[in-house]
Amino acid sequence: MKPISSVNGRAYPLGLKNVDTDIIIPAPWLKTISRSGLGKGAFEALREVPGNVFDDPAYAAAPILIAGDNFGCGSSREHAAWAMADLGISAVIAPSFSDIFSGNAFKNGLLAIVLPQAAIDRLMEVAQTDNIHIDLETQTVTTPFQDRFVFEIDPFRKHCLINGVDEIGLTLKSSDAISTYETKISAQQPWLTPNIA
Amino acid sequence: MPTPQTLYEKIWNAHVVEQRDDGTCLIFIDRHLVHEVTSPQAFEGLRVAGRRVRRPDLTLAVPDHNLPTTARLDGNGQHVPIADPESAQQLEALERNAPEFGIAYINATDIKQGIVHVVGPEQGFSLPGTTIVCGDSHTACHGGLGALAFGIGTSEVEHVLATQTLQLTRSKSMEVRVEGALGPGVSAKDVVLHITGVLGASGGTGHVIEYTGAVIRALSIEGRLTISNMAIEHGARAGLVAPDDTTFAYLKGRPMAPKGAQWDAAVAYWRSLATDAGAVYDKVVTINAADIGPSVTWGTSPEDVLPITGIVPDPSAFADPSKQDAARKSLAYMGLTPGTRMTDIEVQNIFIGSCTNSRIEDLRAAAAVLKGRKKADNIKWAIVVPGSGLVKHQAEAEGLDRIFIDAGLEWREPGCSACLGMNPDKVPAGERCASTSNRNFVGRQGPGARTHLVSPAMAAAAAVTGKLTDVRELTT
Ligand code: SF4
């Protein structure tokens, strides 16, 4: 995973609530066996509407997306995070995210930043004309107009994002603990192993 | 005396391999279901890193999302090739990856093949008290058996394949208690649609929900799976129903379930999992069964639920301005006008299937309504897609297929079908579908498709009249 510590630039002021994974990347795009190239299908249905933010030259290649409540609800498809990354988005700011999406975003170095609705409303305004700056180290979102919003992030996730940690590699360091658990549980609950013939 | 614990806490605690100082836990995963859509990049990741699958014996692969539901073998018993090259490529990838990594694979023409969430319980692969994951958000389905089951993304699929664990933080717990008894024509699907309407699409975010109360206790396993299946639609990480005698009776004798003395030991353990008296949930929501009617969605979020006797709402009636905006967009997409009676809405398509409603009971409920009737003339496309080959076989043994075919519906091969617009089964743009699936998102059943989520009996009723219909008018 690529390390990420800050994001600076324009933001798509989407603002929409309940942006589900079928909106982010519709099912026909899920047939790929690779992680890249999905940006073309990102927000396909929204982009069919003339004047949509994604095709507005003012926001061309914006690295940030601002959305409403419950962003990324719906499916577990990580293709949603891949598609957004492929579109060049590095951070999403919303009042809340679905649990699965924020996990998937994190695993792909895409920042999912939670801020209260009032902050979102202000950022939506700023995004019309100016850049937004996100700093992971200080956990802040700032604007050229002295706005400063502090966000929470799980310390472990913060560490992994800033250092670009490979989570599987990290877990494999606990192989012995996993083996100990397996030995214990197969003694206590021998029926746990399924009869897969 | 030990502190009273909820079912969720008991399962969680039993699976902690390691706990970090910040509270994140390394959680052991007992069961991993793999399908063709969310796994190719995970296997590729393993290959690139030179990693193997840690516990192939806890992993089961089955194709479902992409498979066409038309005949899979021709008259000579030869495989019918899959027309869409990308779908074919994804299915071939799973067929290759499973043996390469030593994973059991149920192929497309095996009678055991079906939707992952139908196959797991049916085979006894899914068990109470286990942790189950799958790269599909409706994995919570298995919670109907009392398993802590949740959907994961592809990176997590890779993580589980490589380590048989996940790094997780504990969720909050919520009890959704459904008291009373269901009225005629009201099924598990109506209960879960109603719950989603009450909680909202994000009402359960950050929580694992345990469904309790007299209504849940009285439900069959099929019904409980339907409820837990849609936990994600109200935002919950997972859904749970405490295992009881109904659960044990369902699982006993299933091919992959424990046998003999092992079975007895397992049941004794499963009985100990029920939430202790005095255990505290972070949140409790109580629902009265008397408030639940046959339900239907009007918008493009599963929270947009109404009883079938309702009328299309006026967006300006919602208190929340962002919901007003969302409702306006939903109605524009759905082509609906506020004030229209739900029962006046014509549909052109019927889909009976998906991991929410494709088990034998669902098909029986639909067949009971369709028996001796015909689909309305304005219904252009109506399909019944059993959840697995075994469900299909059982339904045929009971003569249900004849009822569907005589009524003018198509009887298909098992798979995800029109639940998601990925395989050839799609709803045409601008047309409506009364669907027993779980999502009414924009474009979910195909670009421009308009979905109304309903129960199997309600879908059957809509097939008969050609519009959304109160099933009670056909059955009483
Ligand atoms: S039927 Fe639908 S929800 Fe269920 S596994 Fe298939 S695509 Fe997912």
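Rules behind the numbers
- Residues numbered from 1 in each chain as written.
- Chains lettered and ligands numbered in written order.
- Predicted model: local features only at pLDDT ≥ 70, side-chain atom pairs only at ≥ 80, totals over all residues.
- Heavy atoms only, no water.
- Near = heavy atom within 4 Å.
- Nonpolar A, V, L, I, M, F, W, Y, C, P; charged D, E, K, R; others polar.
- Domains from an automatic or database assignment.
- Contact = heavy atoms within 4.5 Å.
- Buried area = accessible area lost by both parts, 1.4 Å probe.
- Salt bridge = Lys/Arg side-chain N within 4 Å of Asp/Glu carboxyl O.
- Polar contact = N/O pair within 3.5 Å; in protein donor to acceptor, adjacent residues only side chain to side chain.
- Helix = DSSP H or I, 4+ residues; strand = E, 2+ residues; numbered from the N terminus.
- Phe/Tyr/Trp six-rings, centres within 6.5 Å; stacked < 30°, edge-to-face > 60°.
- Buried < 20%, exposed > 50% of the residue type's maximum accessible area, 1.4 Å probe, protein only.
- Lys NZ or Arg CZ within 6 Å of the ring centre and 35° of its normal.
- Core = buried A, V, L, I, M, F, W, Y, C linked by side-chain atoms within 4.5 Å.
- Pairing = 2+ DSSP bridges.

Residue and element names in this part refer to chain B. Every residue near the ligand is listed here: H65, I115, H117, D136, H138, S354, C355, C416, C419, L420, N438 and R444. Its residues placed into classes, the shell around the ligand shows 5 nonpolar, 5 polar and 2 charged. When residues of the shell around the ligand are assigned to domains, at least three fall in each of domain 1 (7–168) and domain 3 (296–475).

This next bit is on the domain arrangement of chain B. Residue and element names in this part refer to chain B. Its domain assignment divides chain B into domain 1 (7–168), domain 2 (172–242 + 269–291) and domain 3 (296–475). Averaged C-alpha coordinates put domain 1 and domain 2 at centres separated by 25 Å. Taken together, the contact between domain 1 and domain 2 spans 25 residues of the former and 24 residues of the latter. Summed over both sides, the interface of domain 1 with domain 2 buries roughly 2,000 Å², with 64% coming from carbon and sulfur. Taken together, the connections running from domain 1 to domain 2 amount to 1 salt bridge. Put simply, D276 and K10 hold a salt bridge, and the shortest N to O gap is 2.8 Å. For the pair domain 1 and domain 2, the interface holds 10 residue pairs in polar contact (both at pLDDT 80 or more). Put simply, the parts of the chain that give the side of domain 1 that touches domain 2 at least two residues each are α1 (7–14) and β7 (148–151). Among the elements that take part in the side of domain 1 that touches domain 2, α1 stands out by supplying 5 residues, more than any other.

Turning to the packing of aromatic side chains, a few remarks are in order. Under the defined criterion, the tally for this structure stands at 14 aromatic pairs over all chains. Look at A:Y12 and A:F54: their rings are 4.9 Å apart centre to centre, the planes differ by 45°, and that puts the pair in the tilted class. Of the two residues, A:Y12 sits in strand β2 (residues 11–13) while A:F54 sits in the loop between α2 (44–47) and β3 (64–66), which places them 42 residues apart along the sequence. Residue A:F54 is classed as buried on the basis of its relative accessible area of 6%. Their ring planes at 15° and their centres at 4.3 Å tell us that A:F43 and A:F54 sit as a pair that is stacked. Note that A:F43 is positioned in the loop between α1 (21–24) and α2 and A:F54 in the loop between α2 and β3, a separation of 11 residues in sequence. Each member of the pair A:F43 and A:F54 is classed as buried. Cation over ring: B:R254 sits above B:Y250, and NZ or CZ is 3.9 Å from the ring centre. Here the guanidinium or amino end of B:K323 rests over the ring plane of B:F318, the centre of that ring lying 5.7 Å away.

Turning our attention to helix α12 (residues 360–370) of chain B. Where α12(B) is concerned, the buried positions are B:I360, B:D362, B:L363, B:A366, B:A367, B:V369 and B:L370. Phi turns positive, to about 75°, at B:G372, one or two residues after α12(B).

The nonpolar side chains of a soluble globular protein tend to be buried with one another. Residues A:F43, A:L65, A:F71, A:M84, B:I350 and B:F404 are the most contacted members of the largest nonpolar core, which totals 85 residues. Among the elements that take part in this core, helix α15 (residues 456–465) of chain B stands out by supplying 8 residues, more than any other. Domain assignment of the residues forming this core places at least three in each of domain 1 (7–168) and domain 3 (296–475) of chain B. When residues no more than four places from it in sequence are discounted, the contact partners of B:F404 are B:L363, B:A366, B:A367, B:L370, B:V384, B:L409 and B:W411.

Taken together, the contact pairs 54 residues of chain A with 81 residues of chain B. Overall, the association of chain A and chain B removes approximately 5,400 Å² of surface from exposure, summing both partners, and the carbon and sulfur fraction of that is 56%. The largest contributions to the chain A side of the interface with chain B come from A:K31, A:I33 and A:W191, which together make up 15% of the buried area. Our count for the chain A to chain B interface comes out at 8 salt bridges.

Further remarks concern the sheet that holds strand β6 (residues 131–134) of chain B. Note: strands within a sheet are paired through backbone hydrogen bonds, in either parallel or antiparallel orientation. Residue and element names in this part refer to chain B. The strand order across the open sheet formed by 5 strands is β5-β4-β3-β6-β7, and the pairing between neighbours is parallel. Each edge of the open sheet carries a strand with a single partner, namely β5 (104–105) and β7. Where strand β4 (residues 59–61) lies against β5, 2 bridges are found, and the strand directions are parallel. Across the sheet, A61 pairs through a bridge with Y105, a residue of β5.

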